[in-house]
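What follows is the residue order along each chain.
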Amino acid sequence: MAEKQNSTSGLDVPREARQRLLPRLKPNPDAFGHATESFARFMGTPQFLMWMTVFCLLWLMWNTFGPESLRFDSAALGFTALTLMLSLQASYAAPLLLLAQNRQDDRDKVTLQQDRQRAERNLSDTEYLTRELASLRITLREVATRDFVRSELRTVLEELLESEEKDDRQRRRKKKVSDATSSLPRVSAEAESASES
């Protein structure tokens, strides 16, 4: 019979993590990103191109016209060290530029999201103000306008003037009647009572 194998070494048991010889590098992404963006921005400036040109010219001049014992890159081999150095610089420049571009894209996404939120707030504020203006217009239709109040006041004033003129006419008539009756002789109260009986 076959012996049963120990199940602790089977596939159902996870393996233990191996210890690393060197500690894992965990750079701060923000600090690293900021440094690479700064370097990438510097690489896009005229100063970088000028310094790179000066560096290459000095390299070429030294290895072409310098003392032969102190030359470190042979012109006969086509400046192999300079070519390798420039290739190395280019191989690091491309990922640095991509990293800077990715960070810029992330910032653009955040800015775009904030712009959308601001636009939504502006739209809701505008809709609220539109509704308020519409309700004010509806309310103002029921409120008397200045012209309406003036016309009503004119009408009331005309009515008051007409009633005052009527009152004046009636007073004048009464005055004329009273003046006319005052010129008539007065009858004493005894005569009036005798005439009635």
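The preceding data block contains the structure.
In every chain, residue numbers begin from 1 and rise along the written sequence. This being a predicted model, a pLDDT of at least 70 is required before a residue's local features are given, and a value of 80 or more before pairs of side-chain atoms are given or counted; all residues contribute to the totals for chains, interfaces and linings. Remark: hydrogens and water are excluded; side-chain values derive from all non-hydrogen atoms of the structure.

Student: Honestly, the overall build of the protein in this entry has me stumped. Any pointers?
Tutor: Labels follow the DSSP assignment, with helices taken as runs of H or I lasting at least four residues and strands as runs of E lasting at least two, numbered in each case from the N terminus. Counting its regular elements, the protein contains 5 helices and 0 strands. When the helices and strands of the protein are read in sequence order from the N terminus, they spell out α-α-α-α-α. Taken across its 197 residues, the protein has 8% of its residues classed as buried. Residue contacts are defined here by distance: any two heavy atoms, one from each residue, within 4.5 Å place the two residues in contact. Relative to all contacts within the protein whose residues are 6 or more apart in sequence, the contacts with residues 24 or more apart total 53%. To measure how exposed things are, a 1.4 Å probe is used in the Shrake-Rupley method; for residues, cover is taken only from the protein chains shown. Here the protein has roughly 18400 Å² of accessible surface; of this, 60% comes from carbon and sulfur atoms. Between buried and exposed lies partly exposed: a residue is buried under 20% and exposed over 50% of the maximum accessible area for its type, with that area taken using a 1.4 Å probe on protein chains only.

Student: Quick question: what am I supposed to make of the packing of aromatic side chains here?
Tutor: Between two aromatic rings, the relevant description is the distance of the centres plus the angle of the planes. Side-chain rings of Phe, Tyr and Trp, where Trp is taken by its six-membered ring, are said to pair if the distance between their centres is within 6.5 Å; with planes under 30 degrees apart they count as stacked, over 60 as edge-to-face, and otherwise as tilted. Throughout the structure, instances matching the rule amount to 3 aromatic pairs. Ring plane angle 55° and centroid distance 5.7 Å describe the contact between F55 and W59, whose orientation is recorded as tilted. Of the two residues, F55 and W59 are both situated in helix 2 (residues 46-65); the distance of 4 residues between them amounts to about one turn of the helix. With a relative accessible area of 11%, W59 lands in the buried category.

Student: How should a nonpolar patch on the surface be read in this particular structure?
Tutor: Together, F39, F42, W51, V54 and L58 line one region of the surface with nonpolar side chains, adding up to about 530 Å² of accessible area. Elements supplying a minimum of two residues to the nonpolar patch: helix 1 (29-43) and helix 2. A total of 3 residues in the nonpolar patch trace back to one element, the largest contributor, which is helix 2. The exposed category is assigned to L58, whose relative accessible area is 57%. Nonpolar side chains (Val, Leu, Ile, Met, Phe, Trp, Tyr) are joined into patches within 5 Å and like charges within 9 Å, using only residues with over 30% relative accessible area and no salt bridge. What makes a salt bridge here is a side-chain nitrogen of Lys or Arg within 4 Å of a carboxyl oxygen of Asp or Glu, nothing more.

Student: Sorry if this is basic, but what is going on with unusual backbone geometry here?
Tutor: Residues apart from glycine generally show negative phi values, whereas peptide bonds are mostly found in trans. Non-glycine residue F79 carries a positive phi angle of around 50°. Within the secondary structure, F79 is located in the loop between helix 2 and helix 3 (80-142). Assessed through its relative accessible area of 16%, F79 is described here as buried.

Student: Would you take a moment to explain the pattern of salt bridges for this structure?
Tutor: Scanning all chains against the criterion turns up 6 salt bridges. E165 is paired through a salt bridge with R169; the nearest N and O atoms lie 3.6 Å apart. You can see E165 and its partner R169 sitting in helix 4 (residues 146-183), 4 residues apart, about one turn around the helix. Overall, the relative accessible area of 42% leaves E165 in the partly exposed class. Under the relative-accessibility criterion, R169 is labelled partly exposed at 44%. One network of salt bridges, in which partners are shared, links D30, E37, R103 and R107.

Student: Quick question: what am I supposed to make of helix 1 here?
Tutor: For an α-helix, the turn length of 3.6 residues means that residues three or four places apart are oriented alike. For a helix, the expected span equals 1.5 Å multiplied by the residue count minus one. Taking 1.5 Å per residue, 15 residues should reach 21 Å; helix 1 reaches 20 Å between its end C-alpha atoms and fits that length. Buried within helix 1 we find G33, T36, E37, A40 and M43. When helix 1 is viewed along its axis, its buried side chains cluster within an angular range of 120° and face the same direction. More than 90 degrees from the buried face of helix 1, the exposed residues found are D30, H34 and R41. Buried-residue contacts for helix 1 involve helix 2 and helix 3. For this quantity, the arc is that covered by the directions from the helix axis to the C-beta atoms.

Student: Would you mind going over helix 3 with me for this structure?
Tutor: With 63 residues, helix 3 ought to run about 93 Å at 1.5 Å a step, and its terminal C-alpha atoms sit 92 Å apart, in line with that. All buried positions along helix 3 are accounted for by L82, A93, L96 and A100. Packing partners of the buried residues in helix 3 comprise helix 1 and helix 2.

Everything listed here is a matter of coordinates, which is why it stays silent on function.
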